[in-house]
Amino acid sequence: MQSFLEDATLVVADGMPLVWASRLARNPLPERVTGSNLIWSLSAGLAADARSVFVLGGDTPDIAERAADRLATEFPGLSVAGHRSPPFGFDADPGAVDEAVTAVAEAGPDLVFVGIGFPRQERLIGRLRAALPAAWFLGCGMAVNFVAGHQHRAPAWMQRAGLEWAHRLTREPRRLARRYLRHDAPYALKLLATATKR
């Protein structure tokens, strides 16, 4: 997992525990920066420069197309080079990955939003970067679903309070309970404890 962070051009604090830990360590980060926010601001910037995007991800076959259509509507001047919602688990099939990489490379976008979840999206971005060295890539998790209106983010007050995970857990307990409660929560507590000691 560390290799994905080291290989990235830019790493942002996507979770509130990182922001809290930075404050406890007296080296505060200015704010939380999520893929769900960046997908909007980057699209706005690309539209201003008449650039293009490719939307890759989503829970159902039409999600990427719906997200791409909404971004194009919200930001006139943004060109949609393509969209694709591969089936869950496609990244375990080398042939399916090759097909997705070829589709994106042939479209030649300036930026690719990859929303299939960590660390799967980071692995795929590694393949895409080799095929499209001039493009930019954003691993944006659930942002493609949010933009498409397939799922909804937590209310703003929950986001500010660092409770967005609780909102998502109540929406998808079967899928997220193990990840959030058995992996993420202990990691966050350890991170905060370490920051406090420093």
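In this text, all values refer to a predicted model and were calculated from it rather than measured experimentally.

## Overview of the environment of Cys140
Part 1 of the reasoning: Structurally, Cys140 is set in the loop between β4 (136-139) and α7 (143-148).
Part 2 of the reasoning: Those residues in contact with Cys140, other than ones at most four positions away along the chain, are Gly35, Ile39, Phe113, Val114, Gly115 and Gln121.

## Structural notes on the environment of Ala21
Part 1 of the reasoning: Along the chain, Ala21 turns up in helix α2 (residues 16-24).
Part 2 of the reasoning: Since its relative accessible area comes to 6%, Ala21 is described here as buried.
Part 3 of the reasoning: Measuring from C-alpha to C-alpha, the distance between Ala21 and Ala195 comes to 5.3 Å, with 174 residues separating the pair along the chain.
Part 4 of the reasoning: Contacts of Ala21, omitting those with residues within four sequence positions, involve Leu191, Leu192 and Ala195.

## Topic: the packing of helix α5 (residues 94-107) against helix α6 (residues 120-131)
Part 1 of the reasoning: At a closest axis distance of 10 Å, the pairing of α5 and α6 adopts a crossing angle of 45°. Relative to α6, the element α5 lies oblique. Considering only the axes of α5 and α6, their crossing is right-handed. For the pair formed by α5 and α6, the contact residues are Val97, Asp98, Val101, Val104 and Ala105 on the first element and Leu124, Arg127, Leu128 and Ala131 on the second.
Part 2 of the reasoning: Among the residues forming the contact of α5 with α6, the class breakdown is 7 nonpolar, no polar and 2 charged.

## Looking at the packing of aromatic side chains
Part 1 of the reasoning: Inspection of the entire model under this criterion finds 2 aromatic pairs.
Part 2 of the reasoning: Aromatic pair Trp165 and Tyr180: ring centres 6.5 Å apart, planes at 85°, arrangement edge-to-face. Residue Trp165 is found in helix α9 (residues 164-171), and its partner Tyr180 is found in helix α10 (residues 173-197); the two are separated by 15 residues along the sequence.
Part 3 of the reasoning: When its relative accessible area of 41% is taken as the criterion, Trp165 is described as partly exposed.
Part 4 of the reasoning: Overall, the relative accessible area of 8% leaves Tyr180 in the buried class.

## Re the pattern of salt bridges
Part 1 of the reasoning: With the rule as written, the count across this model stands at 9 salt bridges.
Part 2 of the reasoning: Of the charged contacts in the structure, one is a salt bridge between Asp62 and Arg66, with a shortest N-O distance of 3.4 Å.
Part 3 of the reasoning: Arg175 is the salt-bridge partner of Glu172, the closest N and O atoms lying 2.9 Å from each other.
Part 4 of the reasoning: Under the relative-accessibility criterion, Glu172 is labelled buried at 15%.
Part 5 of the reasoning: Several salt bridges share partner residues, and in doing so they unite Arg32, Arg153 and Glu164 into one network.

So, how was this worked out
Residue numbers here run from 1 along each chain, matching the order of that chain's written sequence. Where local features are concerned, this predicted model is filtered to residues with pLDDT of at least 70; where side-chain atom pairs are given and counted, the filter is 80 or more; whole-chain, interface and lining totals use all residues. As a rule here, side-chain values come from all non-hydrogen atoms in the structure, and water together with hydrogens is ignored. Secondary structure is summarised from DSSP: a helix means a run of H or I of at least four residues, a strand means a run of E of at least two, and numbering begins at the N terminus for each. We call two residues in contact when some of their heavy atoms are within 4.5 Å. For every residue, the accessible area (1.4 Å probe, protein chains only) is compared with the maximum for its type, and the residue is labelled buried under 20%, exposed over 50%, or partly exposed between those bounds. Fitted lines through C-alpha atoms give the axes, limited to the stretch in contact for helices. The angle between two N-to-C directions lies from 0 to 180 degrees. Oblique is the label for any angle not covered by the other classes, which are roughly parallel (under 35 degrees), roughly antiparallel (over 145) and roughly perpendicular (65 to 115). Crossing chirality is assigned from the near helix's rotation relative to the far helix, an anticlockwise turn below a right angle marking it left-handed and a clockwise turn marking it right-handed. For this classification, Asp, Glu, Lys and Arg are treated as charged, while Ala, Val, Leu, Ile, Met, Phe, Trp, Tyr, Cys and Pro are nonpolar and the rest, including Gly, are polar. Pairing of aromatic side chains requires ring centres within 6.5 Å, counting the rings of Phe and Tyr and the six-membered ring of Trp. Pairs whose planes differ by under 30 degrees are stacked, by over 60 edge-to-face, and all others tilted. The term salt bridge refers to a side-chain nitrogen of Lys or Arg lying within 4 Å of a carboxyl oxygen of Asp or Glu.

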